[in-house]
Each structure stands twice: as structure tokens, then as C-alpha cells.
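Working through the structure, step by step
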Amino acid sequence: MADGPADGRTGRVLAVDWGSKRFGVALSDPGRLIAQPLTTLTRREGQRPPIAALLDLIRTHGVTELVVGLPLSPEGEEGAAAREVRTFGDALAARASLPVTFWDERLSTSLALRSARAAGVKDRDSRARIDQMAAVAILQHFLDALRARDAAGAEAQGHRGTE
């Protein structure tokens, strides 16, 4: 079994579930198999996103790649919020000198809410925790997609020349 993606990308991935008030943050293990909640950062109304705090987390955890949840409409269209998220993600990536992937987050919050309710967590009491769980959902979906793509590529490699 490979230690990381076949494309050579290794190291921890940090995911951000962007919000107008809170940013849920999740982190992968170094082998890029499992996403886990890290923290929730807050932003005061009218203030800039917490890029400095995210840069500290990136340095502390040796992050090598970023994933930012992209809010799309139910039809998959990008609106004003998606443009704001892209501006934020690009600025974070530039400051951290890391690659960024924008990942569809349409189902992340609903998945996080269902998981929280199943665990007996009350919505009003744990918004910060739910934001972290949404970031975990985004990151785990990204990691699973990387593995699926790598597995499909390996299978295609194995079938070359066998026909």
C-alpha cells in the first residue's frame, strides 16, 4: 500500500470551512488517509478572515496543501460567496506558499449537523464544533477522492499492454 497519493503529493492537508462568522478547520494525518477536527476560528463582523491564525496552524502542523470549501448553489453555480471564498483561499495560499484546492462544500454542513445530532450534540450549543465537523467532511471527501483517483490510475496502469 502506498504512503500517499500516487501523484507524489504528501504531507498534511489543512481544510477550511469558510464562514462569515466562524471558520471550521480540519487536518489530515501525514499519510492523507483520515481527516480530524482541529479548531474553529472566529471573525468579528466586518473584520478580515483569520489568515494569521491559519498561517500559525499551517506552520505548527507542517501542512503541505490546503483545501477550502467552496459554497456553490444547489445547481453547482458560483455566486458572491464563492467569489469571496476564492479570494480568501488564494490569499491564504499565496501567504503560505502552498497549493490550494477549492472543494464543493454543498453537503458538508448538513452532514456535520446529522453527525452532531446522532452524537447528541445540540445545534445551538456547539456551532463551533459543527463548523469543525463540516471542515472534516470537506477534507475527508477530498482525501477519499484522491485515493479513488489514484486507485483508478493504478488499475489503468495495470491493464496497459494486457489486451
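Predicted model only: the values in this text are computed from it and were never measured.

So, the environment of Leu-66
Position of Leu-66 among the secondary structure elements: in strand β4 (residues 63-70). Its relative accessible area of 1% is what places Leu-66 among the buried residues. Expressed as a C-alpha distance, the spacing of Leu-66 and Arg-12, which sit 54 residues apart in the sequence, is 8.8 Å. If near-sequence neighbours (up to four positions away) are discounted, Leu-66 is found in contact with Val-13, Leu-14, Ile-58, Leu-92, Ala-93, Leu-98, Pro-99, Val-100 and Thr-101.

Considering the sheet that holds strand β5 (residues 100-104)
Sheet strands line up and pair through hydrogen bonds in the backbone, either parallel or antiparallel. What the five strands build is an open sheet, ordered β3-β2-β1-β4-β5; its pairing is mixed. In the strand order of this sheet, the two ends are held by β3 (35-42) and β5, each with one partner. Along the sheet, successive strands turn relative to each other by an average axial angle of 25°, direction set aside. Sheet topology places strand β2 (residues 22-28) next to β3; seven bridges connect them, and they run antiparallel. Bridging from a neighbouring strand, Ser-28 pairs with Ala-35 of β3.

Some words on the packing of helix α1 (residues 51-61) against helix α2 (residues 80-96)
With their axes 10 Å apart at the nearest point, α1 and α2 run at an angle of 50° to one another. The pairing of α1 with α2 is recorded here as oblique in orientation. Crossing of α1 against α2: the hand is right-handed. Contacts between α1 and α2 involve Ile-51, Leu-54, Leu-55 and Ile-58 from the former and Phe-88, Ala-91, Leu-92, Arg-95 and Ala-96 from the latter.

As for the environment of Asp-17
Tracing the backbone through its elements, the reader meets Asp-17 in strand β1 (residues 12-17). Each C-alpha atom, one on Asp-17 and one on Asp-131, is 6.7 Å from the other, the two residues being 114 residues apart in sequence.

Section: the nonpolar core
Judged by nonpolar contacts, the single largest core of 25 residues is most densely connected at Leu-14, Leu-54, Ile-58, Val-63, Leu-66, Phe-88 and Leu-92. Elements supplying a minimum of two residues to this core: β1, β2, α1, β4 and α2. Per-element accounting of this core gives the leading share, six residues, to α2. Core analysis: the second largest hydrophobic core is formed by 13 residues, Val-13, Ile-138, Leu-143 and Leu-146 among them.

A short note on the pattern of salt bridges
Counted under the stated rule, the structure contains five salt bridges. With a shortest N-O distance of 2.8 Å, Glu-65 and Arg-32 are connected by a salt bridge. With Glu-65 in strand β4 and Arg-32 in the loop between β2 and β3, this pair connects stretches of sequence that are 33 residues apart. Using a relative accessible area of 2% as the deciding quantity, one classes Glu-65 as buried. With its nearest N and O atoms 2.5 Å apart, the salt bridge here joins Arg-147 to Asp-144.

Rules used in this analysis
Residues numbered from 1 in each chain as written. Predicted model: local features only at pLDDT ≥ 70, side-chain atom pairs only at ≥ 80, totals over all residues. Heavy atoms only, no water. Helix = DSSP H or I, 4+ residues; strand = E, 2+ residues; numbered from the N terminus. Buried < 20%, exposed > 50% of the residue type's maximum accessible area, 1.4 Å probe, protein only. Contact = heavy atoms within 4.5 Å. Pairing = 2+ DSSP bridges. Axes fitted to C-alpha atoms, helices over the stretch in contact; angles between N-to-C directions. Parallel < 35°, antiparallel > 145°, perpendicular 65-115°, else oblique. Left-handed = near helix turned anticlockwise from the far one by under 90°. Core = buried A, V, L, I, M, F, W, Y, C linked by side-chain atoms within 4.5 Å. Salt bridge = Lys/Arg side-chain N within 4 Å of Asp/Glu carboxyl O.

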